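An overview of the molecular structure
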Amino acid sequence: MKIKYSAKQLINYAFLITSLIITFWVISLFDVFMTISKGIKVPNIGIVTFYKLLNDFWTSIIIGIFLFPLNWILTVLFKKFGHLIIQILLGILVLIQFALVKYSATTLLNLGADLLGYSFNDITLTVSSSESLSVLYFVPFVIVISIFFGLNKFFIKYVSRQSLIASLFISVLIFGGLKLVLSQSSENVYRNKLNYLVSDILKFKYEQYELNSYNLSNTSNYPLLKSFSETKDVLAPFFNMKEEKPNIVFIIVEGLGAEFVGKNAYSGFTPFLDSLIPQSLYFENFVSTAGRTFGVLPSLLGSLPYGENGFMELQKIPSHISLISVLKANGYTTSFYTGDPSSFDRKINFLEYNNIDVIIDEDKFGPDFEKTQVNSGGFSWGYPDAEIFKKVASVLNPEKQPRLDIIMTLTNHEPFNFPSKEIYKIKVDSILNAKNSSNDFIEEVKSYENIFASILYTDTAIKSFLNNYKERPEFANTIFVITGDHRLIPINQKDKLCRFHVPFFIYSPLLKEPKKIKSVSSHLDVTPSLLSFLMNNYKFNKLDQTAWMSQGLDTAQQFRNIHKIPLMRYKGSINDYIYKEYLFSDGELYKINENFGINKVIEKELSKHIADSLMEFKKLNRYTIQNNRIFPDSLNIYRNLVIEFSEEELAILKDLTRNLTFDQCFNLARETASNKDYKKARLLCDYIINELPNHADARTLKGRTLAWEGKYKVAEVELLSVVKRAPFYYDSYLALLDLYWWSNQDEKSIEIAQKAFNNELKDGNISFKLAKAYMRMDNNLKSEQIMDSLVKIYPEDQDYITFKQSLK
């Protein structure tokens, strides 16, 4: 076989790469246009555009070099089809680049290694919240790919080989020289999105390889373990103490950055929160530890390490303690409230491990509460903030004290849909007019009008909740902690620090006097300080040892930083680090000033020292997570154990669940149960429940299989758990009614049926099973009344008719 690669084939490949360069340029121009159209000021727009085009050129050349061997092989082996395959591959790269630009236009961030930290379901949910996936959404993709293939055809038909070679040669010389001279063109903001994605993933993978190669045999067995007394009680001087333990209420506000509060850049749209500043301990220079919501609960409530992609992403949760578990062990009723599915970001897995008493999420609101309207793509996160607070108020029991109530808001997130949006938009206009703002500020706010209206809506919802709470008898002994999970993403960020800069309030009628605190602290410091305060001033079972990541809040009123604070910008990235008065970010060093702004500095020796300190944290983070070395199992009396599988069970599960989604696993479990292999069906159900604790179908099937085997007590516990977790899921009620029928517990049938009716579950089978229970209790009159109603509604149902006739 004669291997031949002609000059014509080489020229055709060069035409393809040239088409790729120009298509990338078109996409970058679209990127700049989208940025401007959103009202974002782009200083030196000509330079920004040129840098983007420069990086697009070199990304295309690198792609061309890497794909050339593949092109050569395919073209030699398959001739025309080989060239077509390369065209398709490059076309796919064009579509990926355009998708990445659209992502960046929405989030104002480049997508990188964080892609690896999200499941397909999480990605689908997040994209659905930001974009309406209609046919029109895909039209720009069709246009872009048409430009690429159209350019290629045009070059082949109208451009000579000599012109192509000369143009490419001159371009390489010019752009090569400029790339060497213009070093600032390599900054992330100018980089080609595809180039950034690939290089960031490679960097992340290499760092993981490096961390795996470190010898940590000399590391302390539990390096975070320390005496409880090491965390000083810094809060007691600010409080008047009562004998009873105080209630603690956390309000974690989605997207609330410090820029939107007080007198900062976007002030005026949180008037109620602003009014709390002079009534609170207010920390001006406070940071979240993550750039998205996934990091807030473990840091704020547990002062925990981060893991590879966030602590809550860990499939096997390491032994640890938290504010939730310790307060529960000391008599607190612990509750968590959110308007979205608690399975998102695996919140429920973390909360249940810490033995929380109550979780109220999207599935537990009921008919009296109104969900956020879906966007044009049919997506809704769940319930808006005012409804969340309304739900909290409806279930708070003043008899169950002390309480820990954790409330996560939701509305300040794409797609920024909420009730009475138009009214809040008008209020935004009124605030702008009253502020006598500059034209630039008005223009910027107008371009994000939905977002600022959303912030105002959430502020109003918090105001209504707190004002109503003040009327409750327990208000006098309640401490409110209010903070943001991270700074809103879609509004342009002034620097690399502001994404983490969030407000932090401690508001309570127990405070002696308000204070503004300028020293730096983070979410990692909250639980250590709160527990130190509570245990040193109230009747608590004392902790001997803790494993906090930080030493607690710094309450100094002057600006300073005594903490080392690693920051996980997104899942999989710990490239930001606050050390003393410096921010180390992506290998660059910035000095933090008293206004919490940053200025780039060149101090090589200090940069290396801080980089080494960050690496030491990464090693510690990896060691404690991978080896379960946060808090000893032997000391941990607080956790709620998850289901542990034996090696034999793991082998069976690996074989059964290979390449299956959880829905497919459930279908397999149901099929296995129908074949009367109940043990294997329960194993599959446990596998699902370990990952998705609120999977009502799996829990109900598990309960049913236990009942089918006559294990009624265990089955009842499992099925009642489903009712508690998903009170509006009718199948668990039917399963319990069957169980009570088989086990002759007719009184319980009446109780559970009534519970279903109270939750407005109108299912004929529930009523039918209730009628049978009354019949067996010799209450034929009640049974007949139920069947009369049922037959009127379902006149064709022979089972109902036959049973009714048997009562005569």
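Residues numbered from 1 in each chain as written. Predicted model: local features only at pLDDT ≥ 70, side-chain atom pairs only at ≥ 80, totals over all residues. Heavy atoms only, no water.

Looking only at helices and strands, the protein chain has 27 helices and 16 strands in total. Expected size for 808 residues packed as a compact globule is a radius of gyration near 28 Å; at 30 Å, the protein chain falls within 12% of this value. For the protein chain, the spread of C-alpha atoms along the principal axes amounts to about 100 × 70 × 65 Å. Buried positions account for 55% of the 808 residues belonging to the protein chain. The long-range share in the protein chain, meaning contacts at least 24 apart out of those at least 6 apart in sequence, stands at 75%. (Helix = DSSP H or I, 4+ residues; strand = E, 2+ residues; numbered from the N terminus. Rg over C-alpha atoms; globule rule 2.2 N^0.38 Å. Buried < 20%, exposed > 50% of the residue type's maximum accessible area, 1.4 Å probe, protein only. Contact = heavy atoms within 4.5 Å.)

For the coordinates displayed, the defined rule picks out 42 salt bridges. Linking Glu207 and Lys618 is a salt bridge whose minimum nitrogen-to-oxygen distance equals 2.6 Å. Of this pair, Glu207 sits in helix H7 (residues 193–213) while Lys618 is found in helix H17 (residues 604–626), placing the two residues 411 residues apart along the sequence. Neither residue differs from the other here; Glu207 and Lys618 are each classed as buried. Residue Glu513 pairs with Lys515 through a salt bridge whose shortest N-O separation is 3.7 Å. Through salt bridges with shared partners, one network takes in Lys496, Arg569, Asp576, Asp586, Glu588 and Lys600. (Salt bridge = Lys/Arg side-chain N within 4 Å of Asp/Glu carboxyl O.)

With that settled, consider the pairing of strand E6 (residues 403–408). For E6, a buried count of 6 out of 6 residues is recorded, marking the element as mostly surrounded by other parts of the structure. One ladder, built from 5 bridges, connects strand E2 (residues 247–253) with E6; its direction is parallel. Following the sheet pairing, Ile248 is matched in E6 by Leu404. By the bridge criterion, 5 bridges tie strand E4 (residues 333–337) to E6 in an arrangement that is parallel. Paired with Thr333 across the two strands is Arg403, which belongs to E6. (Pairing = 2+ DSSP bridges.)

For the rest of this paragraph, the subject is the nonpolar core. By size, the foremost hydrophobic cluster in this structure holds 77 residues, and its most contacted members are Phe239, Phe250, Leu297, Leu327, Leu404 and Ile506. Residues contacting Phe239, with those up to four places away along its chain left out, are Ile479, Ile506, Ser508, Leu510, Leu511, Lys512 and Phe533. Of all hydrophobic cores here, the second largest spans 55 residues; its members include Ile251, Val445, Ile451 and Ala461. (Core = buried A, V, L, I, M, F, W, Y, C linked by side-chain atoms within 4.5 Å.)

For any two helices packed against each other, the geometry is given by the interaxial angle and the distance between the axes. At a minimum axis distance of 9 Å, the contact between helix H20 (residues 678–691) and helix H21 (residues 696–708) shows a crossing angle of 155°. Classified by the interaxial angle, the pair formed by H20 and H21 is roughly antiparallel. The crossing of H20 and H21 is left-handed. Residues Tyr678, Ala681, Arg682, Cys685, Asp686, Ile688 and Ile689 of H20 form the contact with H21, whose own contacting residues are Ala698, Arg699, Leu701, Lys702, Thr705, Leu706 and Trp708. (Axes fitted to C-alpha atoms, helices over the stretch in contact; angles between N-to-C directions. Parallel < 35°, antiparallel > 145°, perpendicular 65-115°, else oblique. Left-handed = near helix turned anticlockwise from the far one by under 90°.)

Here we come to the sheet that holds strand E16 (residues 598–601). Ordered by their spatial adjacency, 5 strands build an open sheet running E12-E13-E14-E15-E16, and the pairing between neighbours is antiparallel. Of all strands in the sheet, those with a lone pairing partner are strand E12 (564–567) and E16, marking the two edges. Direction aside, neighbouring strands of the sheet carry axes that sit 25° apart on average. Taken together, the 4 bridges between strand E15 (residues 588–592) and E16 define a ladder with antiparallel strand orientation. Residue pairing across strands places Tyr590 opposite Lys600, the latter belonging to E16.

Take helix H12 (residues 385–395) next. All of the buried residues along H12 are Asp385, Glu387, Ile388, Phe389, Lys391 and Val392. The secondary structure elements touched by the buried residues of H12 are E2, E4, strand E5 (358–360), E6 and helix H15 (449–469).

Turning to helix H16 (residues 526–537), a few remarks are in order. The end-to-end C-alpha separation of H16 is 17 Å, in line with the 16 Å expected for 12 residues at 1.5 Å each. Burial runs high along H16: 10 of the 12 residues are buried. (Expected span 1.5 Å × (residues − 1).)

Moving on, we come to the environment of Ala547. Tracing the backbone through its elements, the reader meets Ala547 in the loop between strand E11 (545–546) and E12. The spacing of Ala547 and Thr657 is 110 residues in sequence and 36 Å in space, taken between C-alpha atoms. When sequence neighbours within four positions are dropped, the list of residues in contact with Ala547 reads Leu224, Leu225, Lys226, Ser303, Ile630 and Phe631.

Here we come to the environment of Gly307. Relative to the helices and strands, Gly307 resides in the loop between helix H9 (296–302) and helix H10 (323–329). Gly307 gets classed as buried once you look at its relative accessible area, which sits at 4%. With 240 residues separating them along the chain, Gly307 and Leu67 place their C-alpha atoms 36 Å apart. Discounting residues that sit within four places of it in the chain, Gly307 has contacts with Met568, Ile574, Asn621 and Ile625.

Here helix H1 (residues 7–37) crosses helix H2 (residues 45–78) at 150°, and the two axes come no closer than 8 Å. One way to sum up the angle between H1 and H2 is to call them roughly antiparallel. In terms of crossing hand, the pair formed by H1 and H2 is right-handed. Of the residues belonging to the contact of H1 with H2, the class tally is 17 nonpolar, 8 polar and 3 charged. (Nonpolar A, V, L, I, M, F, W, Y, C, P; charged D, E, K, R; others polar.)

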